[in-house]
Amino acid sequence: MIGEFGFATLLLVAVLSSIVALYYVVERWWIKQESDSLMLPVTQLNALLSLSSLLLLGAAFATDLFGLEYVASHSNSQLPIFYKIAAIWGGHQGSMLFWVTTLCCWACVISFTKRVNTGYLKDVLWVMNLLIAAFSWFTLFASNPFQSAASFMQEGRDLNPMLQDIGLIFHPPLLYLGYIGYSTVLAFACASMMRKDIEFEWLVLSRHYTLASWVFLTAGIVLGSWWAYYELGWGGWWFWDPVENASLLPWLTGTALLHAHFAAQRHGMFHRWALGLAATTFCFSILGTFIVRSGVLTSVHAFAVDPNKGIALLVILALALIGALGLLVLRFDEIISKPIKALLSQSYLLLIAIGLLMVATFTVFLGTFYPMIYELIGLGSISVGAPYFNTLILPIAFLSLIAMGFAPLLKWHQGHYIERNRLIALVGFSLFSGTVCYWALLALVQFPQVAADELLVDKFSVLAWVIWVLAMWVTVSHLYKFAMSQLPIRRLASVLAHIGMAISCVGAVMNSEHSQEIGRKLSNETQFTFQQWQVVYHDTHWVIGPNYTAEQAEIECIDQHGASITLLPERRHYPVRVMNMSEPAIKIFWHGDIYVTLGEKLDVNSYAVKIQYKAYIRWVWFGTILMMSGCLLGMSSSRKVIKRADEQIQIT
């Protein structure tokens, strides 16, 4: 009965959203009146129905209802309960149900917006209901998670071992909240262009949705990076995998949207950019979903799904893109946007920043999809990997850091806040402090086998030094501006976000330039030296988990002072899935991690063991946390702006 009730609630969502969208078309454009309709209550009812459907699927997993094909394919009676719940979105069908539920919940949040202009709000909800109808019908016909199993099964096939991790519980939901959050921005933008007189108030209304979507998407990407780092056993945090790139594309355009949206709301500039980016960002979110579920690209993240289902997603993507950009083209001349008055201004610098983000987007898009198109037209098979992306993205990062450093020193329309001599002093101090910090870290985090006078020669990296100088330039210029003026919260938000970006860039480059690794064949009581540690391989033990068995190595690392740490990497075997997984052991330091992976068993007493030093890896994630903190501060400022706008409307 759980499957039947779940299917019925999802079917009601599809039917109700379709009916209310169709009725609104008749009411709005045929009868040409805007009376009180069922738009608000139906939108709120859909949220309850979709949540009920998701909870029913969760109940099916919790009760081991293997009569449902989706549950039988992604669960097992021995699977821990929290992984059973996370398995709801661990496969294609469940993730699409979660997509529909999240879309309904975002629409429900909009329905509680207290605005005087209710006609505009109904247009927004109409766009949202169109999206709900499209994705709910797609889920019902192509990705039904409540479909009965073809044959009776007493036991499930278990969840993919790579997904049996705490990262699965939080990574996909956060990513989807970001992806689908941009549907709200698209709805506000499209609804504004659907009005006879273009509704510029959409900028105020959608501000906190833009910020919230960016925070969720960033959190999802960062959590996925952390998950891949410690779970897959490779020791990397970003691989330029096609699915990673699929999440990066809306992040890049979403970051550009964030800045264009701010300029349009505060200064009446970049309004056309904001509308166009609202459309492209959500369309990139759908494109990311297509990549994961269509099977056209090979990835450790991708689900093996019939490509025909991907075609349906492409149709939804095409309709959304054509509809939104078509409205933009039709109303282009009516969209008011103030011009840039001077090259020496924040507004022109913002245009450069948006341009750099668009170049980065095109670079990632080309490197991700060109190999697929090249193969589809029968020209052969090619591979585009990290060297391509690193080579082209690095100059964009340089220019972006330079632009971010100048941003707080310029006025919005024309001129600057600082004298030339002080500017030279800031540049000189940034160069000096960046150099000192980099060399000090090289001297501080050194290894006994490397002589101090050889360290800077052997380990010095020009690339890392340049990034350190540019990061200090961003930090010094923002802190200078903050110290010299009384800045409101919204300015503090940009300070944190930009400094966070600089720290993440430092962490990424330091990790690339100063990480080390070594591989050894080890048996009982084998010893060798790695950096300042004496590594001793003691023994291997058998460990029995809830749904796996594991070989667990006991490895001790002793530093030059005699202090020791014990690391316990594992090699797990999942009998139901017949898969082996490496579970690395990690020791965290402020300047990097010791990362130990237990590999294949080479003979009766020996194993292949890889030990890596992952330099400054935590700095990447600390920087993103600062970026998200700045955005959250911006959200609090946004709520105050909306409150003031409400008060002004009520007074008038």
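Every value quoted in this text rests on a predicted model; they were computed, and no experiment measured them. (Residues numbered from 1 in each chain as written. Predicted model: local features only at pLDDT ≥ 70, side-chain atom pairs only at ≥ 80, totals over all residues. Heavy atoms only, no water.)

(A) The overall build of the protein, seen in detail. Along the backbone of the protein there are 18 helices and 10 strands. Relative to the globule expectation of 26 Å for 652 residues, the C-alpha radius of gyration of the protein, 27 Å, shows essentially globular dimensions. Expressed as a percentage of its 652 residues, the buried residues of the protein come to 55%. In the protein, of all internal contacts separated by at least 6 residues, the share reaching a separation of at least 24 is 73%. (Helix = DSSP H or I, 4+ residues; strand = E, 2+ residues; numbered from the N terminus. Rg over C-alpha atoms; globule rule 2.2 N^0.38 Å. Buried < 20%, exposed > 50% of the residue type's maximum accessible area, 1.4 Å probe, protein only. Contact = heavy atoms within 4.5 Å.)

(B) Region of interest: helix α6 (residues 118-142). Spanning 25 residues, α6 covers 35 Å between terminal C-alpha atoms, matching the ideal 36 Å at 1.5 Å per step. α6 sits mainly inside the fold: 19 of its 25 residues count as buried. (Expected span 1.5 Å × (residues − 1).)

(C) Main features of the pairing of strand β6 (residues 570-574). Of all five residues that make up β6, four are buried, and the element is covered over most of its length. As paired elements, strand β4 (residues 549-558) and β6 share four bridges and run antiparallel to each other. When the bridges of β6 are listed, Gln552 appears paired with Glu570. Here five bridges tie β6 to strand β7 (residues 579-583), and the two strands are oriented antiparallel to one another. From the neighbouring strand, Tyr574 faces β7, where its bridge partner is Met579. Where β6 hands over to β7, the hairpin turn is made up of four residues, of which Val578 adopts a positive phi near 55°. (Pairing = 2+ DSSP bridges.)

(D) Looking closely at the pairing of strand β9 (residues 592-601). Burial analysis of β9 places eight of its 10 residues in the buried class, the great majority of the element. With five bridges connecting them, strand β8 (residues 585-589) and β9 associate as antiparallel partners. What sits directly across from Phe589, in β9, is Gly592. With antiparallel pairing between neighbouring strands as the criterion, β8 and β9 make up a hairpin whose turn holds two residues. Bridge analysis of β9 against strand β10 (residues 607-615) gives eight bridges, and the strand direction is antiparallel.

(E) Spatial organisation of unusual backbone geometry. We note that Asp158 has phi near 75°; this positive angle belongs to a residue other than glycine. Positive phi, normally seen in glycine, also occurs at Trp240, with a value near 55°.

(F) Structural detail: the pattern of salt bridges. With the rule as written, the count across this model stands at nine salt bridges. For Arg331, the salt bridge identified is with Glu334, shortest N-O distance 3.0 Å. For Arg572, the salt bridge goes to Glu570, with nearest N and O atoms at 2.8 Å. Overall, Arg572 belongs to the buried group, its relative accessible area being 14%. Taking the relative accessible area as the measure of exposure, Glu570 reaches 9% and is therefore buried. Each member of the salt-bridge network shares a partner with another, and the members are Glu570, Arg572 and Glu583. (Salt bridge = Lys/Arg side-chain N within 4 Å of Asp/Glu carboxyl O.)

(G) Examining the packing of helix α2 (residues 39-62) against α6 more closely. Closest axis-to-axis distance for the α2/α6 pair is 10 Å, and the angle between their directions is 40°. One finds that α2 runs oblique with respect to α6. Like other packed secondary-structure pairs, α2 and α6 cross with a definite hand, here left-handed. Contact residues: Met39, Leu40, Thr43 and Asn46 in α2; Lys122, Leu125, Trp126 and Asn129 in α6. Broken down by class, the residue content of the contact of α2 with α6 amounts to four nonpolar, three polar and one charged. (Axes fitted to C-alpha atoms, helices over the stretch in contact; angles between N-to-C directions. Parallel < 35°, antiparallel > 145°, perpendicular 65-115°, else oblique. Left-handed = near helix turned anticlockwise from the far one by under 90°. Nonpolar A, V, L, I, M, F, W, Y, C, P; charged D, E, K, R; others polar.)

(H) Spatial organisation of the packing of aromatic side chains. Taken as a whole, this structure holds 31 aromatic pairs when the rule is applied. Judged by centre distance (6.0 Å) and plane angle (40°), the rings of Phe98 and Tyr176 are tilted. Of this pair, Phe98 sits in helix α5 (residues 92-111) while Tyr176 is found in helix α7 (residues 166-194), placing the two residues 78 residues apart along the sequence. With respect to class, Phe98 is no different from Tyr176; both count as buried. With 5.1 Å between their ring centres and 90° between their planes, Tyr616 and Trp619 make a pair best called edge-to-face. Take Tyr616: its relative accessible area is 4%, and that puts it in the buried class. Taken together through their ring pairs, the aromatic side chains of Trp89, Phe98, Trp99, Phe135, Tyr176 and Tyr179 make up a single cluster. Sitting over the face of the ring of Phe332, Arg272 holds its NZ or CZ atom 4.2 Å from the ring centroid. (Phe/Tyr/Trp six-rings, centres within 6.5 Å; stacked < 30°, edge-to-face > 60°. Lys NZ or Arg CZ within 6 Å of the ring centre and 35° of its normal.)

(I) Spotlight on a nonpolar patch on the surface. Together, Ile311, Leu314, Val315 and Leu319 line one region of the surface with nonpolar side chains, adding up to about 350 Å² of accessible area. Assignment of secondary structure puts Val315 in helix α11 (residues 307-330). (Patch = residues over 30% accessible without salt bridge, like charges linked within 9 Å, V, L, I, M, F, W, Y side chains within 5 Å. Areas by Shrake-Rupley, 256 points an atom, 1.4 Å probe, with all protein chains shown as cover.)

(J) Inspection of the sheet that holds β10 at higher detail. Strand order in the open sheet made by the four strands is β1-β10-β9-β8, with antiparallel pairing throughout. Pairing within the sheet leaves two strands with one partner each, and these edge strands are β1 (516-522) and β8. Across the sheet, the mean angle separating the axes of adjacent strands is 15° when strand polarity is ignored. Across the sheet, helix α8 (residues 202-231) lies against β8, β9 and β10, angled at about 50° from β9, the strand it touches most.

(K) Seen up close, the nonpolar core. By size, the foremost hydrophobic cluster in this structure holds 137 residues, and its most contacted members are Trp99, Phe135, Trp202 and Trp214. Beyond its immediate chain neighbours, meaning those up to four positions away, Trp99 contacts Phe135, Tyr176, Tyr179, Ile180, Phe282, Ser285, Ile286 and Thr289. Counting 46 residues, the second-largest nonpolar core is a separate cluster that includes Val445, Val474, Trp533 and Tyr616. (Core = buried A, V, L, I, M, F, W, Y, C linked by side-chain atoms within 4.5 Å.)

(L) Just the environment of Phe7, in detail. For Phe7, the position within the fold is in helix α1 (residues 2-30). Once the C-alpha coordinates of Phe7 and Leu57 are considered, the two residues, 50 residues apart in sequence, prove to be 9.5 Å apart. Once residues within four sequence positions are removed from consideration, Phe7 is found in contact with Leu140, Asn144 and Phe146.

(M) Highlighting the environment of Ala274. Relative to the assigned elements, Ala274 resides in helix α10 (residues 271-294). Apart from the residues within four sequence positions on either side, Ala274 is in contact with Trp202, Leu257, Ala260, His261 and Ala264.

(N) How the structure looks around the packing of α1 against α2. As a packed pair, α1 and α2 sit with axes 8 Å apart at the nearest point and diverge in direction by 160°. When the axes of α1 and α2 are compared, the pair comes out roughly antiparallel. At the point where α1 passes α2, the crossing takes the left-handed sense. In this structure, α1 contributes Ile2, Phe5, Gly6, Thr9, Leu10, Leu12, Val13, Leu16, Ser17, Val20 and Tyr24 to the contact, and α2 contributes Met39, Val42, Leu45, Asn46, Leu49, Ser50, Ser52, Ser53, Leu56, Ala59 and Ala60. When grouped by side-chain class, the residues that make up the contact of α1 with α2 number 15 nonpolar, seven polar and no charged.

(O) The state of the cysteines, seen in detail. Under the defined criterion, the tally for this structure stands at zero disulfides. Free cysteine: Cys104, not disulfide-bonded; nearest cysteine sulfur from Cys105 at 6.9 Å. Given the relative accessible area of 0%, Cys104 is considered buried. With no disulfide partner, Cys108 has as its closest neighbouring cysteine sulfur the one in Cys105, 6.8 Å distant. Judged by its relative accessible area of 15%, Cys108 is buried. (Disulfide = S-S within 2.5 Å.)

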